[in-house]
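Understanding the architecture of this molecule
Here is what each chain is made of, one letter per residue.
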Amino acid sequence: MVDAQRPWKGPILDNHFHLNRNGRFLDAAKDFKNVGGTHLVHVHCPDFSSPPTSLSEHRETYADTIAMANEVRKEHDLHVRVVLGPHPAAFAHQFIKWMDEDGDKGLERACENYRDSIDAALEFVQEGQAHAIGEVGRPHWDVSDEVWDLSNLLLEETMTLAAREGIPLQLHVEGELESTYRDLSEMASRANLPTHRLIRHYSPPQIDESITRGLTSSVLVGKGALDPLLASYENNKTGFMLETDYMDDPRRPGAVLGPKTVPKRTQQLIEAGMDEEMLWKCHVDVPNALYGDAED
Ligand SMILES: [Zn+2]
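Residues numbered from 1 in each chain as written. Predicted model: local features only at pLDDT ≥ 70, side-chain atom pairs only at ≥ 80, totals over all residues. Heavy atoms only, no water.

1. Side note on the overall build of the protein
Assigned secondary structure in the protein consists of nine helices and eight strands. The buried share of the protein, taken over its 296 residues, is 56%. At a minimum sequence separation of 6, the contacts of the protein that also span at least 24 residues come to 74%. Split by element, the accessible area of the protein, about 13,200 Å² in all, is 47% carbon and sulfur. (Helix = DSSP H or I, 4+ residues; strand = E, 2+ residues; numbered from the N terminus. Buried < 20%, exposed > 50% of the residue type's maximum accessible area, 1.4 Å probe, protein only. Contact = heavy atoms within 4.5 Å. Areas by Shrake-Rupley, 256 points an atom, 1.4 Å probe, with all protein chains shown as cover.)

2. Notes on the pairing of strand β3 (residues 79-84)
When you tally the buried positions in β3, you get six out of six residues, the bulk of the element. Relative to β3, strand β2 (residues 39-43) runs parallel, the two being bridged by five bridges. By the bridge assignment for β3, Val43 is matched with Val83. Of the crossover connections in this fold, the one passing from β2 over helix α2 (residues 55-76) to the parallel β3 is right-handed. Direction of pairing for β3 relative to strand β4 (residues 132-137): parallel, over a ladder of two bridges. (Pairing = 2+ DSSP bridges. Right-handed = clockwise from strand over helix to strand, strands pointing away.)

3. Notes on the coordination of the zinc ion
Within the first shell, the zinc ion binds the protein through His16 (NE2), His18 (NE2), Glu135 (OE) and Asp245 (OD), at distances of 2.1 to 2.7 Å. Between the four donor atoms coordinating the zinc ion, the angles at the centre fall across 85 to 172°, so the site counts as irregular. Sequence spacing of the donors to the zinc ion: H-x1-H-x116-E-x109-D. Of the two residues, His18 is situated in the loop between β1 (13-17) and α1 (26-34) and Asp245 in the loop between β8 (240-243) and α8 (261-271); the sequence distance between them amounts to 227 residues. There is no split in this pair, since His18 and Asp245 are both buried. (Donors = N, O, S within 2.8 Å, 3.2 Å for Na, K, Ca; no water. Tetrahedral: all angles 85-135°; square planar, octahedral: opposite > 155°, others 65-115°.)

4. Remarks on the pattern of salt bridges
For the structure shown, the criterion picks out twelve salt bridges. Glu174 serves as the salt-bridge partner of Arg138, at 2.8 Å between the closest nitrogen and oxygen. Within this pair, whereas Arg138 is found in the loop between β4 and α4 (145-165), its partner Glu174 is found in the loop between β5 (169-172) and α5 (178-190), the two being separated by 36 residues in sequence. Among the salt bridges present, the one from Glu156 reaches Arg190, with a minimum N-O distance of 2.9 Å. One end of the pair, Glu156, is in helix α4; the other, Arg190, is in helix α5, with 34 residues separating them in the sequence. (Salt bridge = Lys/Arg side-chain N within 4 Å of Asp/Glu carboxyl O.)

5. As for the nonpolar core
Ranked by internal contacts, the top residues of the largest apolar core, which has 56 residues, are Ile133, Met159, Leu169, Leu171, Leu184 and Leu198. The set of elements that each furnish at least two residues to this core consists of α1, α2, β3, α3 (88-126), β4, α4, β5 and α5. In terms of residues, this core owes the most to one element, α3, which gives 15 residues. Once residues within four sequence positions are removed from consideration, Met159 is found in contact with Leu169, Leu184, Met187, Ala188, Ala191, Leu193 and Leu198. (Core = buried A, V, L, I, M, F, W, Y, C linked by side-chain atoms within 4.5 Å.)

6. Section: the environment of Gly85
Tracing the sequence through the fold places Gly85 in the loop between β3 and α3. Exposure remark for Gly85: the relative accessible area of 4% places this residue in the buried category. In this structure, the C-alpha to C-alpha distance between Gly85 and Ala120, residues 35 residues apart in sequence, is 8.3 Å. Those residues in contact with Gly85, other than ones at most four positions away along the chain, are His44, Tyr62, Ala121 and Gly134.

7. Concerning the packing of α3 against α4
Viewed as axis vectors pointing N to C, α3 and α4 meet at an angle of 15°, and their least axial separation amounts to 12 Å. As judged from the angle between their axes, α3 and α4 are roughly parallel. Between α3 and α4 the crossing geometry is right-handed. On the side of α3, the interface is formed by Phe91, Ala92, Phe95, Ile96, Met99, Leu107, Cys111, Tyr114, Arg115, Ile118, Leu122 and Gln126, while α4 contributes Glu146, Val147, Leu150, Leu154, Leu155, Glu157, Thr158, Leu161 and Glu165. Classifying every residue of the contact of α3 with α4 by side-chain character gives 15 nonpolar, two polar and four charged. (Axes fitted to C-alpha atoms, helices over the stretch in contact; angles between N-to-C directions. Parallel < 35°, antiparallel > 145°, perpendicular 65-115°, else oblique. Left-handed = near helix turned anticlockwise from the far one by under 90°. Nonpolar A, V, L, I, M, F, W, Y, C, P; charged D, E, K, R; others polar.)

Structure representation (structure tokens):
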């Protein structure tokens, strides 16, 4: 049902999309497809009310995220990649709660749980069932120094693992522009991780390379994003992708952006003068280089 009037007829990828069995799930994927979407990156979303606390529970919840991706492939013939990992918000809350209850022991247990969740994700990546680890990062709200430092320590540890394993990370971080990119690029260099393998989810639309410092930006394409993106993309060498962070949360319909947004913005970008080569890079070459080729 691709509209003949659409100026861009190539592949369209949404780089950060959550699906939820209790949300619109297959219907949301269908909305994406009906407006020209072809490739989804389905990012694991934990049950924030009771995140997993053991290796086997991590495996179980990840397996369900993979099963959802399979259902979308089968039902809608969309290409779906999977990203698995411990969401930094869920992890930070768990860390605070266990430390309150159990002091240093709670802290240790929280770190161990984080590492279990990374190990479980890595197993699925090595098996080819998942394509990156994420979203990992650090809290985007004010936390104590202790929580902040621990989040950074674990994040850098995960970067070291990503460097060793040759895999990309999808990052969920606080919203600052220059200081966040600078900090993350410094962490990557300490971890020997090529910076482009850090994909900044929910990236602001200013992607001048002097700001992004070699990280890959996954730009959240709200209405106001187009002008700053159009003004800066020619100064970005590393590459970027587009995303909605679609939440598929029945309690918060309309939170963040809807499933049709990336296809819609892609058409607006080409109408506003972004060239086809750049769009091809954004929807095909950059994701293929990071996650592996999208086999048809
Ligand atoms: Zn997300």
